[in-house]
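Overview (structure and organization)
The primary structure of each chain is shown beneath.
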Amino acid sequence: MKPNFQNINLKTSNLEIGYQDKRGIKSIAKNINIEAHTSELIAVIGVNGIGKSTLLRSISGIQQPISGTIEIEGQNLREMNDLQRASQISLVLTNQPISKNLSVFELIALGRQPYTNWLGKLSKIDIEKIENAIALTSIQPLKDRKCYELSDGQLQRVLIARAIAQDTPIIILDEPTTHLDMYHKAYVVKLLQKLAKQTGKTIIFASHEVNLAIQICDKIILMHPEETQINTPNHLISTGAFQDLFPKDLIHFDEISGAFRIKNKE
Ligand SMILES: Nc1ncnc2c1ncn2[C@@H]1O[C@H](COP(=O)(O)OP(=O)(O)OP(=O)(O)O)[C@@H](O)[C@H]1O
C-alpha cells in the first residue's frame, strides 16, 4: 500500500472479535489490523455470516472485542464513556427501530443529542448542522414529511443525514444498500463517497455489493474465514484476494473487468 499522510481516524491492533457466554468464547475473526484515514470510504465485504456486523458493532463500541485495541483519533475506545463515543462515531443500522411518527427534520435532529443540553433544546449551531446535513444529502424536499411516508431509499438518505448531523469523524453503516434497487444502491454509495471527500469523515460500511465497492471505495476490508485483509481494491485484485470469496460453481471473479460474473457455460 502507498504511504498515506492523512490523519488516522481509526486504528485497530490485533483485534479479535466474537461472542462470550457461559459456554465460553466464540471467536469470529482475529488479527484484524485496520488503519482508516480521513476522507476514506471503506467497505466491509465477505460472505453471509463471516462477521461483518460483528466487526462493525465492535469498532462502534456497542460490543466488547475479545482482545486487541481500537483507537479513535489516538484515544482508546475502551476508555471513552457513552457521550464521548457518540461524539466520535455515528452508527447507521438497517432495520434499526426508529419512531416513524417523527418528521424528517426531527429524526435528523436526534443526531445532535450528544451535544444538546438536558432539555434537548437545539442551539443555533445544532440547527446549522442539521440544515447542512439536509443540504449535503439533497433531501430538502423531504424535510417536513413524516418518516412513515418515506420509501426505503429516502429513509436511508435521512438516516445518513442524521449521522452527518451527529458530526463525528467516523460514520459506520451496516448494509445501507439493503432493500434498494440497482440505481439507488449506486446512488447511496456515491453519496457516501461524496460525503467522505467533502467532510473529511471516515465512512465504513458493510455491503454485499462487491462490484460496486470495488469501483467506488478507497479501501476494502475483506473478511475470509482464515484472515481479514484491508487494502485498496486494485491491490486486492492484483493479489487474487477476491478469487476465493465465494464457491466457484456459480460465479467467478474476472480480474480484467474487476467484477464478479455469472458462469453461463457448463
Ligand atoms: N449474539 C450472538 N451470539 C453468538 N453468535 C452470534 C451472535 N450474533 C451473531 N453471531 C454469529 O456470529 C457470526 C457472524 O455474524 P454476523 O452477523 O457478524 O455476520 P455477517 O457477515 O454480518 O452476516 P450477514 O452478511 O449474513 O449479515 C455468525 O456465525 C453468527 O451466527
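In this text, all values refer to a predicted model and were calculated from it rather than measured experimentally. (Residues numbered from 1 in each chain as written. Predicted model: local features only at pLDDT ≥ 70, side-chain atom pairs only at ≥ 80, totals over all residues.)

**Points about the overall build of the chain**
Looking only at helices and strands, one finds eight helices and 13 strands in the chain. Over its C-alpha trace the chain gives a radius of gyration of 19 Å, about what one expects of a compact globule, namely 18 Å for 266 residues. Reported as C-alpha extents along the three principal axes, the dimensions of the chain are approximately 60 × 40 × 40 Å. Per-residue burial for the chain yields a buried fraction of 38% across its 266 residues. Residue pairs at least 24 apart in sequence account for 67% of intrachain contacts in the chain once pairs closer than 6 positions are excluded. (Helix = DSSP H or I, 4+ residues; strand = E, 2+ residues; numbered from the N terminus. Rg over C-alpha atoms; globule rule 2.2 N^0.38 Å. Buried ≥ 20, exposed ≤ 12 C-beta atoms within 10 Å, placed from the backbone. Contact = placed C-beta atoms within 7 Å.)

**Things to note about unusual backbone geometry**
Backbone geometry at N31 places phi at a positive 50 degrees, although glycine is not the residue there. Topologically, N31 is positioned in strand β2 (residues 24–32).

**Some words on the sheet that holds strand β8 (residues 170–174)**
If you walk across this open sheet you meet the six strands as β7-β8-β9-β4-β10-β11, and the pairing is mixed. Single-partner strands in this sheet number two, and they are β7 (89–93) and β11 (228–231). Ignoring strand direction, the axes of neighbouring strands in this sheet form an average angle of 15 degrees. When strand β4 (residues 41–45) meets strand β9 (residues 202–206), the two strands line up parallel, connected through four bridges. Bridged to A43 within β9 is F205. (Pairing = 2+ DSSP bridges. Axes fitted to C-alpha atoms, helices over the stretch in contact; angles between N-to-C directions.)

**Some remarks on the site of the ligand**
Residues in contact with the ligand, as listed here, are Y19, K26, I28, G46, N48, G49, I50, G51, K52, S53 and T54. Across the shell around the ligand, the residue classes break down as three nonpolar, six polar and two charged. (Near = placed C-beta within 6 Å. Nonpolar A, V, L, I, M, F, W, Y, C, P; charged D, E, K, R; others polar.)

**Considerations on the nonpolar core**
Membership of the largest hydrophobic core comes to 66 residues, with the highest contact counts inside it found for V44 and I108. The element best represented in this core is helix α5 (residues 152–166), accounting for eight residues. Residue contributions to this core reach at least three from each of two domains, namely domain 1 (1–88 + 169–266) and domain 2 (97–167). Ignoring sequence-local partners within four residues, the contact set of V44 consists of K52, L55, L56, I204, F205, A206, I221 and M223. (Core = buried A, V, L, I, M, F, W, Y, C linked by C-beta atoms within 7 Å. Domains from an automatic or database assignment.)

**Here we look at the domain arrangement of the chain**
Per the domain assignment, the segments making up the chain are domain 1 (1–88 + 169–266) and domain 2 (97–167). Contributions of two or more residues to the side of domain 1 that touches domain 2 are made by α2 (82–86) and α6 (182–199). No other element matches α6, which puts five residues into the side of domain 1 that touches domain 2.

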